[in-house]
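So the chains spell out like this:
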Amino acid sequence: MKRFLFAPVAMFLALSLSWAGLARAQSAEDVVWVQIEAQPSLAEATDRARAYETLLDDVSGFSLGGGWYGIAVGPYRRADAELVLRSYVRDGLVPRDSFIQQSNRFRQQFWPVGANVLDTGVIDPPAGFEAETADPETATAETTPEVTTTPLDPAATEGDSTAGEDPAETIAAPAPPEPDETPAEARRSERALSPAERRDLQVALQWAGFYDAAIDGAFGRGTRASMGEWQSANGYDQTGVLTTRQRAALMAQYNAVLDGLGLQMVRDEKAGIEIMMPTAEVAFARYEPPFAHYDASGNIGARVLLISQPGNRDTLYGLYDIMQTLEIVPLDGPRERKRDSFELIGENGSIISQTQVSLENGQIKGFTLIWPAGDEDRRRRVIAEMSKSLTRLPAVLDAAAGNNDAQAIDLVAGLQIRQPKIARSGFFIDSNGAVVTTSEAVASCTRVTLDADTDATVVATDDASGLALLKPESRLAPLAVAEFSNSAPRLQSEISVAGYSYEGVLSAATLTFGALSDLKGLNGEDTLKRLAVKAQPGDSGGPVFDDNGHVVGMLLPRTDSDRKLPEDVSFALDGAVILKAAQNAGLNSKMAQSTAAPIAPRDLTLRAQGMTVLVSCWE
């Protein structure tokens, strides 16, 4: 009896195992690929895979064994793979001998680099292929909107409307909008795009905030995802393939910031430059070599300089240095000088300027765009268009061109040299180049310089005494260092003040002579000395010498107050206060060794000029 019961059970188990095996085999066969090419070397296969990825989605590459490497798209369900194969062959995107391949024929994946998709299961075919399987009549019915129009009364067309008729019934409904492309049609129109147009779409997606990968014109998974996100954000079906109309809308968004700027190609024959310019905002003004000035003509205050001159690398590097002294190139911003080109970006609270210049065949050409701060979207787009469009013509700007009537020591080719916010005097107090100056000279500065070209750091300030100590960022070797007097000068004795009276107009410090009126301030301050000397604002911070050439103090600025003092009344901070502050800051300032004989005027002048520096405060 048992054996009779066992037979059906065994038969059932055998059938079950057979069915499971068949199911597994069928499942494995359903995960397939479209193999489109095989190459005998990894390098060739990689190049071909990279090329295919600019045209097709889901491109992968695998080792086939025997030194061959295959390129395939997928993995798809078999029905989807057959559809993709037919479509790609019909459109001429893959060879006609492409075929369906199973996953178990592929070995290690080499493309995309680092990927492994053999065991990830099937994916949906590229957008648009589902629509191609639909019945054409059904698809038309589903995709074409139904429009109902109210026919015109024949009499109404002749002007004989009947009494009491509703006028609305005689007006035709508006024509339906032109139908957009299906995903399949969009993909076909996309294939006609040039490499530059494909890159432009990626740039526009990047600008819109949906794409952050390389601008390479390859519409891979990242680009498709960003297209889908843009479609969703703009109310379109999220297919990942932009239709012709959607591509136009994306580019219109990208270019909308340029509306009203009059961006047009300008050809300047004298400068030998053709370039895109915002012609609604700038217009040609004059030539002042090496610049062609296009001054503001619109509302935003933009300006353009075309740069054109003959020269070599030395000329290029000299221009690089000179342009950084100009007011149109603010101090803050990156600077980069290469072998045959340079770029300068400077910005402050008012403007941002960007300069791009290069040397080719003995001609230095480029441009500067000056744009108002706070309008970055438009500025960056204008810069990109100018940089992309610049074309070098044979001519170069003649050095004799332009009008040289407006000449000034603070102008370079008609451009204002950058001026400091305030310039005062200071003097060396140790052999490493440390400087003492008035705290007024370094208040609210973004940059402090010594003699206009050496950056300095403020190491200590004392607003109560009006003193500031500076260290140069590069070591200096002063021609002379202050020696502080070791005794009090005599009342009414002669003193002299060294300083940049005209705030840097003159290239060296000048001496102003006077007398010591009192060893204290007007209110009895023993840290001050009262002087009878007609000093200028630029002299503030300069050293005060006794007749031996020793420093007895530092000239302080005149302060605005309710009490107006005579013009020849000034005050100096006592040298002992300066010495103590310097020692507290770790500086090696020194006291004069002995009381010497009066110094000759010529020797005093040389000592003063070797010791005194111009301290400039820049915004």
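All values derive from a computational prediction rather than experimental measurement. (Residues numbered from 1 in each chain as written. Predicted model: local features only at pLDDT ≥ 70, side-chain atom pairs only at ≥ 80, totals over all residues. Heavy atoms only, no water.)

This part takes up the overall build of the chain. Secondary structure assignment for the chain yields 13 helices and 31 strands. Residues classed as buried in the chain amount to 41% of the 619 residues present. (Helix = DSSP H or I, 4+ residues; strand = E, 2+ residues; numbered from the N terminus. Buried < 20%, exposed > 50% of the residue type's maximum accessible area, 1.4 Å probe, protein only.)

Turning our eyes to something else, we now look at the nonpolar core. Counting 24 residues, the largest nonpolar core has Phe427, Ile429, Val436, Phe484 and Ile578 as the members making the most contacts within it. Among the elements of the structure, strand 22 (467-472), strand 28 (551-555), helix 12 (575-584) and helix 13 (601-611) are those that each provide at least two residues to this core. Those residues in contact with phenylalanine 484 that sit more than four places away from it in its chain are Phe427, Ile429, His550, Val551, Gly575, Ile578, Leu579, Ser589, Lys590, Met591 and Ala592. Residues Leu261, Ala292, Leu369 and Trp371 belong to the second largest nonpolar core, which totals 21 residues. (Core = buried A, V, L, I, M, F, W, Y, C linked by side-chain atoms within 4.5 Å. Contact = heavy atoms within 4.5 Å.)

Moving on to the pattern of salt bridges. Note on pairing: side chains with opposite charge can pair once their charged atoms come close. All told, the structure shown has 26 salt bridges when counted by the stated rule. Among the salt bridges present, the one from aspartate 57 reaches arginine 224, with a minimum N-O distance of 3.2 Å. Separated by 167 residues along the polypeptide, aspartate 57 in the loop between helix 2 (42-53) and strand 2 (59-65) and arginine 224 in helix 8 (residues 221-233) bring together distant segments of the chain. For aspartate 57, a relative accessible area of 9% corresponds to the buried category. Under the relative-accessibility criterion, arginine 224 is labelled buried at 10%. By sharing partners, the salt bridges in this structure join Asp57, Arg187, Glu190 and Arg224 into a single network. (Salt bridge = Lys/Arg side-chain N within 4 Å of Asp/Glu carboxyl O.)

Here the focus is helix 13. Residue pairs spaced three or four apart in an α-helix point in one direction, given the helix's 3.6 residues per turn. Taken as a whole, helix 13 has its buried residues at Leu604, Ala608, Gly610 and Met611. Looking straight down helix 13, one finds its buried side chains confined to an arc of 165 degrees; they lie on one side. Here the buried face of helix 13 lies against strand 18 (422-428), strand 24 (494-499), strand 25 (510-518), strand 27 (543-545), strand 28 and strand 31 (612-618). (Arc of directions from axis to C-beta.)

On to unusual backbone geometry. Residue proline 75 follows glycine 74 across a cis peptide bond; omega there is 0 degrees. Tracing the backbone through its elements, the reader meets proline 75 in strand 3 (residues 68-77). The backbone of serine 444 shows a phi angle near 55 degrees, a positive value even though the residue is not glycine. Looking at where serine 444 falls in the secondary structure, it is placed in the loop between strand 19 (435-438) and strand 20 (447-450). Classification of serine 444 as exposed rests on a relative accessible area of 64%.

Here we come to the pairing of strand 18. With respect to burial, strand 18 is a largely interior element, seven of its seven residues being buried. Note that strand 18 and strand 19 share three bridges and pair antiparallel. Looking at the pairing, phenylalanine 428 lines up with valine 435 of strand 19. What sits between the antiparallel neighbours strand 18 and strand 19 is a turn of six residues, in which glycine 433 has the positive phi angle 100 degrees. (Pairing = 2+ DSSP bridges.)

Helix length check: helix 11 (residues 376-389), at 14 residues, gives a terminal C-alpha distance of 20 Å against a target of 20 Å (1.5 Å per residue), a fit within 8%. Taken together, the buried positions of helix 11 are occupied by Arg379, Arg381, Val382, Ile383, Glu385, Met386 and Ser389. (Expected span 1.5 Å × (residues − 1).)

A word on the sheet that holds strand 7 (residues 273-278). Pairing in this open sheet of three strands is antiparallel, and the strands run 6-7-15 from one edge to the other. Each end of this open sheet is capped by a strand with a single partner; those strands are strand 6 (263-268) and strand 15 (391-392). One ladder, built from six bridges, connects strand 6 with strand 7; its direction is antiparallel. Bridge pairing in strand 7 links methionine 265 to methionine 276. The sheet strands contacting helix 11 are strand 6, strand 7 and strand 15, and the helix crosses strand 7 at an angle near 165 degrees. (Axes fitted to C-alpha atoms, helices over the stretch in contact; angles between N-to-C directions.)

One pass over the structure, following the stated rule, counts one disulfide. Covalently, cysteine 445 is tied to cysteine 617 through a disulfide, its sulfur atoms 1.8 Å apart. With the S-S dihedral at roughly -115 degrees, the linkage between cysteine 445 and cysteine 617 falls on the left-handed side. Taken as a pair, cysteine 445 in the loop between strand 19 and strand 20 and cysteine 617 in strand 31 lie far apart in primary sequence, 172 residues in all. (Disulfide = S-S within 2.5 Å.)

Working definition: the strands of a sheet are paired by backbone hydrogen bonds and lie parallel or antiparallel to each other. The strand order across the open sheet built from seven strands is 8-9-10-14-13-12-11, with neighbouring strands paired in antiparallel fashion. Two strands in the sheet have a free side with no partner beyond their single neighbour: strand 8 (282-288) and strand 11 (335-337). Taken over all neighbouring pairs, the strand axes of this sheet differ in orientation by 15 degrees on average, direction set aside. In terms of strand pairing, strand 12 (residues 341-347) meets strand 13 (residues 351-360) through seven bridges, oriented antiparallel. Each bridged residue has a counterpart across the sheet, and for phenylalanine 342 the counterpart in strand 13 is valine 357. Packing against the sheet, helix 10 (residues 313-323) makes contact with strand 9 (291-296), strand 10 (303-310), strand 11, strand 12, strand 13 and strand 14 (363-372), and its axis sits at approximately 5 degrees to strand 12. Of the strands in this sheet, strand 10, strand 13 and strand 14 touch helix 11, which is tilted by about 165 degrees from strand 14.

Within the secondary structure, glutamine 356 is located in strand 13. Beyond its immediate chain neighbours, meaning those up to four positions away, glutamine 356 contacts Phe342, Glu343, Lys365, Gly366, Phe367, Ile383 and Ser387.

Along the chain, the position of serine 540 falls in the loop between strand 26 (528-532) and strand 27. A polar contact of 3.1 Å, which involves the side chain of serine 540, links it to the backbone oxygen of proline 537. Once residues within four sequence positions are removed from consideration, serine 540 is found in contact with Arg424, Ser425, Thr438, Glu440, Leu555, Leu556 and Pro557. (Polar contact = N/O pair within 3.5 Å; in protein donor to acceptor, adjacent residues only side chain to side chain.)

Attention shifts here to the environment of leucine 476. Counting through the fold element by element, leucine 476 comes out in the loop between strand 22 and strand 23 (483-484). Classification of leucine 476 by relative accessible area gives partly exposed; the value is 22%. For the pair leucine 476 and serine 431, spaced 45 residues apart in sequence, the C-alpha separation works out to 8.0 Å. Contact partners of leucine 476, with chain neighbours within four places excluded, come to Phe428, Ser431, Asn432, Gly433, Leu450 and Thr454.

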